[in-house]
Amino acid sequence: MQILLQEIIPTYFEKEQFTGSEIWGKNVTFSKGEHVHIVAPSGSGKTSLIHFIYGLRKDYEGTISYQNENIKNFSLEKFSTFRQKNVSIIFQDLRLFSDQTVRNNIELKRQLNPYHPPEKIDEMARRLGIANKLNRLAKTCSYGEQQRIAIIRALMQPFDFLLLDEPFSNLDDNNRSKAFALVKEECDMRKASMIFADLKQLDFFNEERVLKL
Amino acid sequence: MVQTILPLLNTNKSKISKWISYFGLGIGVVLLLSAMQMFININYLLKENNPRKNGYDFISITKVITNENMGKDNTFKDDEINEIKSLPAIQDAAPLISNQYRVKASAGNIIPFSTDLFLESIDDSFIDTVPPTFNWQPGQTTVPIIFSSDFLELYNVFAPSQELPQLSGKTISSVNIVLEIYGATGVQNFKGNIVALSDRINSVLVPKSFMEWSNQTFGGVSKVNPARIYIKTKDANDPKLISYLEQKNYHLNKDKTKFGRIKKVLQNIVSALGVFGILVIVLALMLFSFYLQLMIARSKENLQLLLTLGYSPNWLSKTVAKTWIPVYVFVVVAAVVITGLMHYAFVKISFVERNELSYFLHWSVLAVGILLLALSVFTNYRLVKKNLSEL
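Residues numbered from 1 in each chain as written. Chains lettered and ligands numbered in written order. Predicted model: local features only at pLDDT ≥ 70, side-chain atom pairs only at ≥ 80, totals over all residues. Heavy atoms only, no water.

(A) Up close: the packing of helix α10 (residues 325–349) of chain B against helix α11 (residues 363–389) of chain B. Residue and element names in this part refer to chain B. Contact pair α10 / α11: the axes reach a minimum separation of 10 Å and the direction vectors enclose 155°. The pairing of α10 with α11 is recorded here as roughly antiparallel in orientation. Crossing handedness for the pair α10 and α11: right-handed. Of α11, the residues touching α10 (which contributes Ile-325, Tyr-328, Val-329, Val-332 and Val-336) are Leu-366, Gly-369, Leu-373, Ser-376, Val-377 and Asn-380. (Axes fitted to C-alpha atoms, helices over the stretch in contact; angles between N-to-C directions. Helix = DSSP H or I, 4+ residues; strand = E, 2+ residues; numbered from the N terminus. Parallel < 35°, antiparallel > 145°, perpendicular 65-115°, else oblique. Left-handed = near helix turned anticlockwise from the far one by under 90°. Contact = heavy atoms within 4.5 Å.)

In structure tokens:
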């Protein structure tokens, strides 16, 4: 699968906001398998871009296509099949069910199109150090813990592209490298791409492409 | 999969409106179904005696016989008939012409029965059952007869005591009746053949052509004033009609129309009950739709997140809607069972003595029950889908 960005500009942007950007107003192709790092300082529209690509927002000019189909024309039904099979996401604002247990939060994603057996949840939680939180309500976990829940959740399904929006912002260096290793491993397993948006370039990410937003 | 998404729906609030709507749906279904069953029962129990036809009543009027006018001429004159015909409440009127000679009937050797008889004739359009064989031409020796079904019933009451066989509506047509007509010129025999039974007209009817011919031939009269007139009216209980008849001292034979009226009134009451039932069902479904809207609005964030995570809107609508199917099935089945018990009690307790009515509900009532269930499930699904798509 390929994701194509053709001259997209958020409708609410002033011209000076995107001059010098390597994405806004340009033609960019993301192909399955390549890892892309989008370096985006605050206010450059990082989260907007991730939401545009995931199809949550439509307030942009230009075209975003999945497999040469304009996603502006997709129904929610059609998006749901892509979101189950091709595109997974880790939101900056996490978006967990706060009144559900950690395990339920992850299981809700896993059962939709299982890539891993349920035991994998325990294994990943152990690796990221939140195994003892699995039966707690999500809202009782710290932000750093919630970030790791969101990461595990995103890895429960098959995908060609994993969109990551500042996924490690609240993790210490140790946890950050553990989490990155897990994400990298899972992407390699699927031969999938990471589209990784963060404020600055990361030392441990040997990305193939760096794009400045 | 269903277990894990249901806790995401905020179903705990406004439970009262949920239960009221279930209860209302149940009551509405019971009302509608029992009204239907009662309508069918009434139709079944009262069906054979309905002399109304195409919305008209056919009733006979005679002049009231009092001590003062006894022995005088109490027949209707032409101008009186024309006056009756001209009344707005009366659509048509026809005289019953009777025989002006003596006639005796016997049933041959099989049934040793003989009696003096009277014959009458009326316009064919006033007879409820006119077979194509009901006509007569001069020279024909067989006379078709339409016999009152009340007379047949009467005959069957006294026949056993006279050691005569009882007759059914079908066998009576095969009885050979000999009509002996006594005229000035002597006796002439005709073969009488009962071709139909009439619920409407209490008489022994022969074709008009035979009556005119025989009155002329045997009675020597060409013009006969009738003692009875049949009227055709939309409403036998029209106050204007009744006051006119009273003022004229005419007697209205309302026995048969009363019966039809009662049936009509009963059916109207039961229909009104059914309409009320439909209204209650609609209200219950509306209340439920408000409850659904509220629930979906309260669970909006969770549902939106499910869609964001990749849950299909169609699957979500179906799953959310499916939650209520067991409740709907329970409510409608319970309502059908209650209706069935009520019907059973009606058949058991009521005056119905013969095994006329089945103890079970009519199939159409069950079909409507199933239809209502399907309707509830379908509206529920549509509502959920609509509300979800508006998130």
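(B) Structural detail: the confidence of the model for chain B. Across chain B, pLDDT averages 84, with 92% of residues at or above 70. Per-element confidence in chain B is highest for strand β5 (residues 120–121) of chain B, whose mean pLDDT is 92, and lowest for helix α1 (residues 2–5) of chain B, whose mean pLDDT is 60. (pLDDT = per-residue confidence, 0-100.)

(C) Seen up close, helix α4 (residues 149–158) of chain B. Residues and elements named next belong to chain B. Turning to α4, its buried residues number three or more, namely Ser-149, Leu-152, Tyr-155 and Asn-156. In a view along the axis of α4, the buried residues occupy a sector of 110°, so they form one face of it. Exposed residues pointing more than 90 degrees away from the buried face of α4 are listed as Leu-154 and Val-157. Packed against the buried residues of α4 are β4 (111–117), β6 (142–148) and β8 (186–198). Sitting at the amino-terminal end of α4 is Ser-148, which places a side-chain oxygen 3.1 Å from the backbone nitrogen of Asp-150. (Buried < 20%, exposed > 50% of the residue type's maximum accessible area, 1.4 Å probe, protein only. Arc of directions from axis to C-beta. Polar contact = N/O pair within 3.5 Å; in protein donor to acceptor, adjacent residues only side chain to side chain.)

(D) Spotlight on a positive patch on the surface. Residue and element names in this part refer to chain B. Among the surface-exposed residues, Lys-318, Lys-322, Arg-382 and Lys-385 lie close enough to one another that they form a single positively charged patch. Listed by contribution, the elements that provide at least two residues to the positive patch are α9 (313–322) and α11. Assignment of secondary structure puts Lys-322 in helix α9. (Patch = residues over 30% accessible without salt bridge, like charges linked within 9 Å, V, L, I, M, F, W, Y side chains within 5 Å. Areas by Shrake-Rupley, 256 points an atom, 1.4 Å probe, with all protein chains shown as cover. Salt bridge = Lys/Arg side-chain N within 4 Å of Asp/Glu carboxyl O. Lys, Arg positive; Asp, Glu negative; His and termini not counted. Charge placed at Lys NZ, Arg CZ, Asp CG, Glu CD.)

(E) The pairing of β6 of chain B, seen in detail. Residue and element names in this part refer to chain B. The buried fraction of β6 amounts to six of the seven residues, a majority that puts the element mostly inside the structure. With two bridges connecting them, β6 and strand β9 (residues 204–205) associate as antiparallel partners. Paired with Ile-146 across the bridge in β9 is Leu-205. (Pairing = 2+ DSSP bridges.)

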